[in-house]
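In case you want the letters, here they are:
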Amino acid sequence: MDRPVTGGLHVGLIMDGNGRWARARGLPRTEGHRRGASAVRRAVEAAPGLGITTLTLYAFSADNWRRPAAEVSTLMSLLESFLVRERARCHRHGVRLAVIGRRDRLSPALNRAIDETERATRDRTRLYLRLAVDYSSRSAILAAAGALTSTEPCDETAFLRRVNRACHSDPQTPPVDLVIRTSGEQRLSDFLLFESAYAELVFLDTLWPDFDGDDMRRAVARFRRRERRYGGLKPRNDDLLTLHGTGPG
Ligand code: IPE
Ligand code: IPE
Ligand code: MG
């Protein structure tokens, strides 16, 4: 059943800095990725208590195939074991775990792990957790745009559904409210470009393997202090009074 989890925040998390974490300790980059995998659990556990109902984690970009084969292979096996290991736990904790991105370049074993995990958790509604794997936002937008016909009307909401479908997501997935990127880098690296049109951006210096619930709380607290105007103006008190019919005139 494709029941969307709605009502709360959609947070996108660019989990960056595994390599630098490892290098700082004289360890191979792959060790950084291994340690990064346990930070994922901390992020997921913190999310529901912070009002997050959709969490999209950037795990492997379509451009990450450019990395050395040994690193790619470690990342792929970490992803597979994460999906297998977290399946029952997600189910228990009300988490619907899904993977967005291309499937055709992933191994049959990883595809099986994705299918089984998605099937096992699809009726969970506390948190919709999307893992972006072989993901490119530009490719999803291009695929959605390529399927448009000139006669069919399509507004932003309808197009967002198409973009979601193009990357195997639940079509009802809402736009992103907050993008967090760790490791001090300040760019989107082809992540949720259409979905983040009005997202607030929070950049943290923490390297991903060190990320914990406090980082998540701090990022969401920064988001809550932001003023979202969507191109309009900040409502003034007297506008609000007029709006509610209690002001003068
Ligand atoms: C993020 O850490 C994990 C992936 C991109 C798969 P990096 O591997 O990019 O770490 P840095 O940026 O080199 O430190
Ligand atoms: C973005 O990080 C992708 C993920 C976190 C999975 P990268 O480390 O690949 O991004 P760039 O190359 O620094 O932009
Ligand atoms: Mg990086």
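Every value quoted in this text rests on a predicted model; they were computed, and no experiment measured them.

Enquirer: In this structure, what is going on with the overall build of the chain? I would like to understand it.
Expert: Tallying secondary structure elements over the chain gives eight helices and six strands in all. The linear arrangement of helices and strands in the chain, starting from the amino end, is β-α-α-β-α-β-α-β-α-α-β-β-α-α. Radius of gyration (C-alpha) of the chain: 19 Å, near the 18 Å computed for a compact globule of 249 residues. C-alpha atoms of the chain, sized along the principal axes, occupy 70 × 45 × 35 Å. A burial count over the chain gives 47% of its 249 residues as buried.

Enquirer: Even after reading the chapter, I still don't get the nonpolar core, so can you show me in this structure?
Expert: Considering soluble globular proteins, one finds that nonpolar side chains tend to be buried as a cluster. Judged by nonpolar contacts, the single largest core of 43 residues is most densely connected at Leu-13, Ile-52, Leu-55, Leu-57 and Met-216. With seven residues, helix α3 (residues 69–92) is the largest single contributor of residues to this core. Aside from chain neighbours lying at most four places away, what touches Leu-13 is Ala-43, Leu-55, Thr-56, Leu-57, Tyr-58, Ile-180, Phe-191, Trp-208, Phe-211 and Met-216. Core analysis: the next-biggest nonpolar cluster, separate from the first, contains 15 residues, Ile-14, Ile-100, Ala-132 and Tyr-135 among them.

Enquirer: When you look at the packing of helix α2 (residues 29–46) against α3 in this model, what are you seeing that I'm missing?
Expert: Angle between the axes and distance between the axes: these two values describe a pair of packed helices. With their axes 10 Å apart at the nearest point, α2 and α3 run at an angle of 30° to one another. It follows that α2 is roughly parallel to α3 by the angle criterion. Considering how the two elements wind past one another, α2 and α3 form a crossing that is right-handed. Counted together, Arg-29, Thr-30, His-33, Arg-34, Val-40, Arg-41 and Glu-45 of α2 and Glu-71, Thr-74, Leu-75, Leu-78, Phe-82, Glu-86 and Arg-89 of α3 form the full contact between these two elements. Looking at the contact of α2 with α3, its residues break down into four nonpolar, three polar and seven charged.

Enquirer: Can you help me understand the pattern of salt bridges in this one?
Expert: As a working rule, side chains carrying opposite charge can pair if their charged atoms are close by. For the coordinates displayed, the defined rule picks out 29 salt bridges. In this structure, Arg-226 engages Glu-200 in a salt bridge whose closest nitrogen and oxygen atoms are separated by 3.1 Å. Of this pair, Arg-226 sits in the loop between α7 (213–225) and α8 (237–243) while Glu-200 sits in strand β6 (residues 200–203); the two residues are 26 residues apart in sequence, bridging distant segments of the chain. The class of Arg-226 is partly exposed, set by a relative accessible area of 30%.

How each quantity is defined
- Residues numbered from 1 in each chain as written.
- Chains lettered and ligands numbered in written order.
- Predicted model: local features only at pLDDT ≥ 70, side-chain atom pairs only at ≥ 80, totals over all residues.
- Heavy atoms only, no water.
- Helix = DSSP H or I, 4+ residues; strand = E, 2+ residues; numbered from the N terminus.
- Rg over C-alpha atoms; globule rule 2.2 N^0.38 Å.
- Buried < 20%, exposed > 50% of the residue type's maximum accessible area, 1.4 Å probe, protein only.
- Core = buried A, V, L, I, M, F, W, Y, C linked by side-chain atoms within 4.5 Å.
- Contact = heavy atoms within 4.5 Å.
- Axes fitted to C-alpha atoms, helices over the stretch in contact; angles between N-to-C directions.
- Parallel < 35°, antiparallel > 145°, perpendicular 65-115°, else oblique.
- Left-handed = near helix turned anticlockwise from the far one by under 90°.
- Nonpolar A, V, L, I, M, F, W, Y, C, P; charged D, E, K, R; others polar.
- Salt bridge = Lys/Arg side-chain N within 4 Å of Asp/Glu carboxyl O.

Structural measurements only, silent on function.
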